[in-house]
Amino acid sequence: NLFSQSDDTLQTSLDAMHFIPPIECARINENATHSDSLLQSRVTAITPILTSCYTSQGGAALMAVEGMISMLNDTNFFAQDLAGEDGNGGIVESSSRLTLLDLVIQVVCDVATSSARETYFRSCVDFVSDAVRYTGGKLNDRTIGFVLRFYLFVFYFGASVPTTGW
């Protein structure tokens, strides 16, 4: 049977990628179907923006980062990714879950460190600092590592640029 062979191949491929964490919301809603639908809509909306961050032509990455700054500061797009103040009531532990905002922070850090374009740094620093402040530092462990590496990269990049001529 042709379908069973392709199903086995698909399952083998899925099993090989089991280490990739699923994207979750920080808040677990009583209406799981609505939460899943909203998360899927948010993923659908942000995917082209995140994809453009890895485009190296025409300044698309910079425009995407600047757009995400507006999404973070001017909308409630990332509100589901925030853990509550009380620390209980359906909150998923921040260090072990990967939210959409965690993923976006990782991508913005990647934009700066992979492109090494100084013109991108200001927007990337603005987004990352705003996002860390927005979450109160309650981020996935891996995201915190991305942020630390990002800040070290930007700092050392600036420190290595000569300020005077030969």
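Values in this document were obtained by computation on a predicted structure and should not be read as measured data.

Our focus in this paragraph is the nonpolar core. If you look at the biggest cluster of nonpolar residues, it comprises 33 residues, and the most contacted ones within it are Ile46, Val65, Met68 and Phe127. For this core, the elements supplying multiple residues, two or more each, are helix H2 (32-52), helix H3 (60-74), helix H4 (100-115), helix H5 (118-135) and helix H6 (141-160). Counting residues per element, this core draws most heavily on H4, at nine residues. Beyond its immediate chain neighbours, meaning those up to four positions away, Phe127 contacts Val65, Met68, Ile69, Leu72, Leu101, Val104, Ile105 and Val108.

The full count for this structure, using the stated rule, is four aromatic pairs. A centroid spacing of 5.1 Å and a plane angle of 50° characterise the contact between Phe150 and Tyr151, whose relative ring orientation is tilted. A relative accessible area of 0% means that Phe150 is categorised as buried. Owing to a relative accessible area of 35%, Tyr151 belongs among the partly exposed residues under this scheme. Taking the ring centre of Phe77 as reference, the NZ or CZ of Arg42 above it sits at 5.3 Å. Across the ring face of Phe146, the terminal group of Arg149 is positioned such that the distance to the ring centre comes to 4.8 Å.

What counts as what
- Here, residues in each chain are numbered from 1, in the same order as that chain's written sequence.
- Confidence filtering applies because this is a predicted model: local features only for residues at pLDDT of at least 70, side-chain atom pairs given and counted only at 80 or more, and all residues used for totals across whole chains, interfaces and linings.
- Side-chain measures were taken over the full set of non-hydrogen atoms in the model, leaving aside hydrogen atoms and water.
- Think of a nonpolar core as a cluster: buried Ala, Val, Leu, Ile, Met, Phe, Trp, Tyr and Cys residues, connected wherever their side-chain atoms sit within 4.5 Å.
- The buried label applies to any residue whose accessible area, calculated with a 1.4 Å probe on protein chains only, is under 20% of its type's maximum; exposed applies above 50%, and partly exposed to all values in between.
- Elements are defined by DSSP. Helices are runs of H or I of four residues or more, strands are runs of E of two residues or more, and each kind is numbered from the N terminus.
- We call two residues in contact when some of their heavy atoms are within 4.5 Å.
- The criterion for an aromatic pair is that two Phe, Tyr or Trp rings (for Trp, the six-membered ring) have centres within 6.5 Å, with stacked assigned to planes under 30 degrees apart, edge-to-face to planes over 60 apart and tilted to the rest.
- Lysine and arginine charges are scored as sitting over a ring when NZ or CZ, respectively, is within 6 Å of the ring centre and within 35 degrees of the ring normal.

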